[in-house]
Amino acid sequence: MTKKKVKLKKTSTFSWQVACGYACTLAVAWCFLFQPLVLFIMAANGHTVSLSPIPKYELFGLLSGMLGIGTLNTVERWNK
């Protein structure tokens, strides 16, 4: 296998870590951007909506861990 094929394979890999990162990013965006906007729009139109909150403590713990693992992988690549 040539270096070009290995490099292409490595960049196109979709793993559970990437999926978890996307899920955490969407959850944070929902908590701080979209949920307040939806509530504001619904209140402005005269509707009262009660949305259940996302547990932010667990979310930020998971997101911090994922960012830390990603940083360690980057540092390991630089040190090679």
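Coordinates for the structure precede this section.
Numbers given to residues run from 1 along each chain, matching the order in which its sequence is written. Only residues with pLDDT of at least 70 are given local features in this predicted model, and only at 80 or more are side-chain atom pairs given and counted; all residues enter the totals for whole chains, interfaces and linings. Side-chain figures throughout are based on the complete set of non-hydrogen atoms in the structure, without hydrogens or water.

Asks: Looking at this model, I keep getting lost on the overall build of the protein chain. Mind explaining?
Replies: Secondary structure elements follow DSSP: runs of H or I no shorter than four residues count as helices, runs of E no shorter than two count as strands, and numbering proceeds from the N terminus. Within the protein chain, the secondary structure is distributed over three helices and zero strands. Helices and strands appear in the protein chain in the N-to-C order α-α-α. The rule is simple: take the accessible area with a 1.4 Å probe, protein chains only, and divide by the maximum for that residue type; under 20% is buried, over 50% is exposed, in between is partly exposed. Sorting the 80 residues of the protein chain into buried and exposed places 14% on the buried side. If you sum the accessible surface of the protein chain, you get close to 7000 Å²; carbon and sulfur atoms cover 68% of it. Each accessible area value is a Shrake-Rupley result obtained with a 1.4 Å probe; residue values ignore everything except the protein chains displayed when judging cover.

Asks: Would you mind going over a nonpolar patch on the surface with me for this structure?
Replies: Two distance rules govern patches: like charges are joined within 9 Å, and nonpolar side chains (Val, Leu, Ile, Met, Phe, Trp, Tyr) within 5 Å, applied only to residues with over 30% relative accessible area and no salt bridge. A side-chain nitrogen of Lys or Arg and a carboxyl oxygen of Asp or Glu constitute a salt bridge if their distance falls within 4 Å. On the surface, Phe32, Leu33, Phe34 and Phe60 cluster together into a nonpolar patch covering about 410 Å² of accessible area. Here the element with the most residues in the nonpolar patch is helix 2 (residues 16-44); it accounts for three residues. The topology assignment puts Phe34 in helix 2. Since its relative accessible area comes to 44%, Phe34 is described here as partly exposed.

Asks: Mind showing me how you'd approach helix 2 here?
Replies: Along an α-helix, a turn takes 3.6 residues, which lines up residues three or four apart on a common side. The end-to-end C-alpha separation of helix 2 is 39 Å, in line with the 42 Å expected for 29 residues at 1.5 Å each. The term bend refers to the angle at a residue between two fitted axes, each drawn through seven residues, those ending there and those starting there. Most pronounced at Trp30, the bend in helix 2 amounts to some 50 degrees. Those residues of helix 2 that fall on the buried side of the exposure criterion are Cys20, Gly21, Cys24, Ala27, Val28, Ala29, Cys31 and Gln35. To estimate how far a helix should extend, the number of its residues minus one is multiplied by 1.5 Å.

Asks: Even after reading the chapter, I still don't get the nonpolar core, so can you show me in this structure?
Replies: Taken as a class, soluble globular proteins show a tendency for nonpolar side chains to be buried jointly. Side-chain atoms within 4.5 Å link the members of a nonpolar core, which is a set of buried Ala, Val, Leu, Ile, Met, Phe, Trp, Tyr and Cys residues. Counting eight residues, the largest nonpolar core consists of Cys20, Cys24, Ala27, Val28, Cys31, Leu59, Leu63 and Met66. For this core, the element with the highest residue contribution is helix 2, accounting for five residues. We call two residues in contact when some of their heavy atoms are within 4.5 Å. Ignoring sequence-local partners within four residues, the contact set of Ala27 consists of Ile54 and Leu59.

Asks: Whenever I open this one, the state of the cysteines confuses me. Can you help?
Replies: Covalent bonding between the sulfur atoms of two cysteines is what defines a disulfide. In what follows, a disulfide is any cysteine sulfur pair within 2.5 Å. One pass over the structure, following the stated rule, counts zero disulfides. Unpaired in this structure, Cys24 has its nearest cysteine sulfur neighbour in Cys20, at a distance of 4.3 Å.

Asks: Got a minute to help me understand the environment of Ile69 in this structure?
Replies: Here Ile69 lies in helix 3 (residues 56-79). We classify Ile69 as partly exposed; its relative accessible area is 38%. Separated by 52 residues in sequence, Ile69 and Gln17 have C-alpha atoms that sit 9.4 Å apart.

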